[in-house]
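Architecture and fold: a report
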Amino acid sequence: MICHREFILTNAVLSSIIEGRLHSSSRYSISLLQQLEKNMSQLEHIEAIEKRLWSAADTLRANSNYASNEYFLPVMGLIFLRHAYSRYLAVKDDIEANLPKRGGKTRPLAKEDFSQKGAIFLRQPAQFDTLVALSDSDDRAAAIIAAMESIESDYASLEGILPKNEYQELDNQVLGQLLRTLNPEELKRVKGDVFGRIYEYFLTQFADQKAHDGGEFFTPISLVSLIANILEPSGGIVLDPACGSGGMFVQSARVVERQHQNPSEKLTFLGLEKNATTIRLAKMNLAVHGLEGNIQKAITYYEDPHEMLGKAQYVMANPPFNVDEIDAEKIKSDPRLPFGLPGINKQKRVSNGNYVWISYFYGYLSEVGRAGFVMSSQASSAGREEAKVRQKLVETGDVDVMVAIRPNFFYTRTVPCELWFFDRAKPEGRQDKVLMIDAQGIYRKVTRRIYDFSPEQEQNILAIVWLYRGHTDRYLHLLGCYCKRMLAEGEACFTRQDADGNPPLPDFLSALDALFAVMKPFLDSLAKDAPHAAALEEYATGRESFNADVEGLKAAIAAQTALWKEQAGTNAELKAAVERLAPLAEASRDLIKTADQLYKYVSRVAETCENDCAARDSDLWPTRDINRARKSADAARQQAVEQLRLMRYFHRQALWLIERFPDAALRDVPGLVKLVDRAEIAANDWSLTPGRYVGVALEEEDEDFDFEEALREIHVELEDLNAEAVQLAAKIKENFAGLGI
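Residues numbered from 1 in each chain as written. Predicted model: local features only at pLDDT ≥ 70, side-chain atom pairs only at ≥ 80, totals over all residues. Heavy atoms only, no water.

**A word on the pairing of strand β6 (residues 312-317)**
Among the six residues in β6, five count as buried, and that is most of the element. When strand β3 (residues 236-240) meets β6, the two strands line up parallel, connected through two bridges. Paired with Val238 across the two strands is Tyr314, which belongs to β6. Sheet topology places β6 next to strand β7 (residues 365-376); five bridges connect them, and they run parallel. Counterpart to Met316 in the pairing with β7 is Gly372. (Buried < 20%, exposed > 50% of the residue type's maximum accessible area, 1.4 Å probe, protein only. Helix = DSSP H or I, 4+ residues; strand = E, 2+ residues; numbered from the N terminus. Pairing = 2+ DSSP bridges.)

If you want it as C-alpha cells, here you go:
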C-alpha cells in the first residue's frame, strides 16, 4: 500500500515543471522551483479557505431546514457569480487603461473587452459587491435573479442556464448570510483560478451528499486528471458523450494551458447529457473556468445530435456502469457499433450496456483519435458476446493502456473500476502491445469512505506511461524535481515564513524559549534539588542536542544544495543523487522524533512544577500565560514537524521511481505493471484486466513503516465518525421535537 500524507501540489504546477516538452531534462530552474514553493504555499491557503467556505455554507444549510438538493443549485449559482466578479475585477483595470479615447472621452466598457481576457462582463446589478451590500429590508432573491438575467442577456450560451427561481425558495436572511460567507476578505487577495477550484470543491462535497442525481453527475477530479494527462489533448474536438458536470472538459483545458496555449482556441468541447439540471451545472462549470462548450440534451444510447461518428480527436467519459435497459432493436443498426451488438436477453434488451459505451467511444474516434474513459471492472473480463466484442477491439491494435483503480474512489459507488485508453495512431512497434497498470495499491485516504490520488501519486503513474511511450526525459525530469523539491523543503525549514513571518524550526525554538521564560521566575525560586530538577536537566540536555542537530541539518542542506547546482540529469547521476540525499532524509526523520521528545521534556518540567512543587499556589506561576505558551509551543512544533516531513516525503517519491525503474526504462514490476502482447491476451480469454497479468507484489518487510501516515488515517476516520455522530444527534433531536417530546 502506498498511502502518502496530504502534501498537495497542484497538477498544473508540478506538470509544468516536469513536462519534457516544456523543459529540458538537464536543466533545473531555481526560479521555477521558487515559484513552485510560492504556489504550494498559496494552494495550502486556498485549501483551508475551501474547507471553511464549505463548512460555513453547510452549517447554514443545516440550520435553515433546507435539504441538500434544495440548497445545491442556489449555492453553485452564487459561486459562479462570485468567480465571475473575481475575473471581472482582475482584468478591469488593464482593460480601462487601454480603452480608446475620442474627443477626450473614453468609450464605455463592452462585453468584447472582457471576452478577449477570458472574463465575463458584469453590469452593476450583477457585481457581487452590489449583492453583498443589500440589507435585510431588500429583496435579495429578486436582486440575484436580476443579476443572473443581466449575464444571460449578454451571453447567449448561458441563456436559461443560470439558477434564478430557485432563490425565491430561500429565506432572505439565509441568502444574506450565504452572500457574506462566499465573500471573505482573504479571497480578495488570492490570485489564479481560485473560484474555479472552489466550484470543483463544492461539486465534490455536494456529490458526497448525493444532492443531485444521486451524485452521479460528478467524476472524482483525480481520475479525470489522470485520464486527461494520459490522453494529453493538444488540439481538436473533445467529445464527452456522458458529460455530467463537465469535469473532463475542464481538465483537458488545463493540459492545454500547461502547453502555454489557449484552450478556447485549441479545443472544441462537445457533450451529451440526459439530465437538464446537470447540463446547467456543466455550462456553469465551463464558464467559471473561462470556457464554452456545446452540450446537448440527449440519451446517448439512441441519439448522436453532434453527428460525431469517426470525427473526434479525443473522447473522454465516465458513463453509467452495467445498464441493462438499452433497447437492442433501436441500436442494432447504429453505425457507432463497429464490432456489433453485445449480448441480448429475452426481452430484446442489451444484457449489459458497458460494451455499447465502449463501442461508441471507439466509433466516435477519428483515424488518429484517442479515447480515455472510466469503466466497470467487470467489463475487462466479461464473457460470451462481450468477450467477442473485446477480442475484435484488441485485434484492432488500438487498445493502448489499462489502469485498475481500487474501490472507494467514487462518491456514489464503492466498487473498483478501470480506466481504458485507445489510441488509433499507436506507433507500429506498439500495435500488438497493451500497457497493464494495477494501481489498486496506490491511493490516499481522504475520508473514511473516499480515496483519491495525491498529485505525486498521479505523476508516478504517469511516469510509467511516459516510459512506455519513450519519454525518458520526462521521467528523469520528474526524478530530478523530486530531489530538488526535497532540498527546497529543507531550506524552507529555515526560510519559509508563516502568517506571522516566522520560519518553522527557528519559530519552534523561539516558542520553547518563550515558554521557558514565563516559567523561569518560579524555577529560579526553587532549590536545586527540588522535584523538578531531573525534568529540568532532561530538557537542558535534550535542548542542547536538538540545537546541534538543527545546525547540522542546516549545514547539510546548504552543502547538498550547493552540490545540486552542478547536478547532471542522466539516470546514473540522478540515482546517485537520490542515494546521496538519503542521509538527509533520515536526519529529517530523526529530527521529527527529537522535536516531539523535546516538547515532552519541557511539558514535563511544567507538569512537575504544578504537581510536585505547588506552582499553582505561587504568584510567580502565571498559569494562564504558561498554558498559552505551551499551546503556542505545541503549534510551532507541529509546523516544524510537518515541514521536516515534507523533506522525507519527496525523497520517498524519488525512491519509489528508482526502485521500480532503476534503468529509467519500462520493465515489468510484479503487482504494478506489465507490457503484454496480443498473444498473451488471447491466451487469457482476451481479458484486459491488469491484475490478471501483473501478478502480486512480493511480500517485503517494511523497514520504513510510516507511523505518522497510519495515525493520520486513524484521525481522518475519527473525524468522520465524530461528524456523523453530530449529524445523528441533530436528527434524533429533530425527530423528538417532531414527536413533541
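**Here's the deal with unusual backbone geometry**
In the Ramachandran plot, Arg384 falls in the positive-phi region, its phi being about 55° despite a non-glycine side chain. By the secondary structure assignment, Arg384 is in helix α15 (residues 384-395). Phi at Ala664 is positive, roughly 55°, even though this residue is not glycine. Residue position: Ala664 is located in the loop between α21 (623-660) and β13 (673-677).

**Points about the nonpolar core**
Judged by nonpolar contacts, the single largest core of 115 residues is most densely connected at Ile437, Tyr475, Leu505, Phe508, Met519, Phe546 and Leu553. Broken down by element, the residue count for this core peaks at 16 residues, all from helix α20 (residues 571-612). Listed in part, the 46 residues of the second largest apolar core include Leu270, Ala382, Val676 and Ile681. (Core = buried A, V, L, I, M, F, W, Y, C linked by side-chain atoms within 4.5 Å.)

**A word on the packing of helix α17 (residues 472-495) against helix α19 (residues 533-564)**
Interaxial distance between α17 and α19 falls to 10 Å at its minimum, and their mutual angle equals 140°. Helix-helix and strand crossings are classified by hand; for α17 and α19 the assignment is left-handed. Residues Gly480, Cys483, Lys484, Leu487, Gly490, Glu491 and Phe494 of α17 form the contact with α19, whose own contacting residues are Val550, Leu553, Lys554, Ile557, Gln560, Thr561 and Trp564. Looking at side-chain class alone, the contact of α17 with α19 contains seven nonpolar, four polar and three charged residues. (Axes fitted to C-alpha atoms, helices over the stretch in contact; angles between N-to-C directions. Left-handed = near helix turned anticlockwise from the far one by under 90°. Contact = heavy atoms within 4.5 Å. Nonpolar A, V, L, I, M, F, W, Y, C, P; charged D, E, K, R; others polar.)

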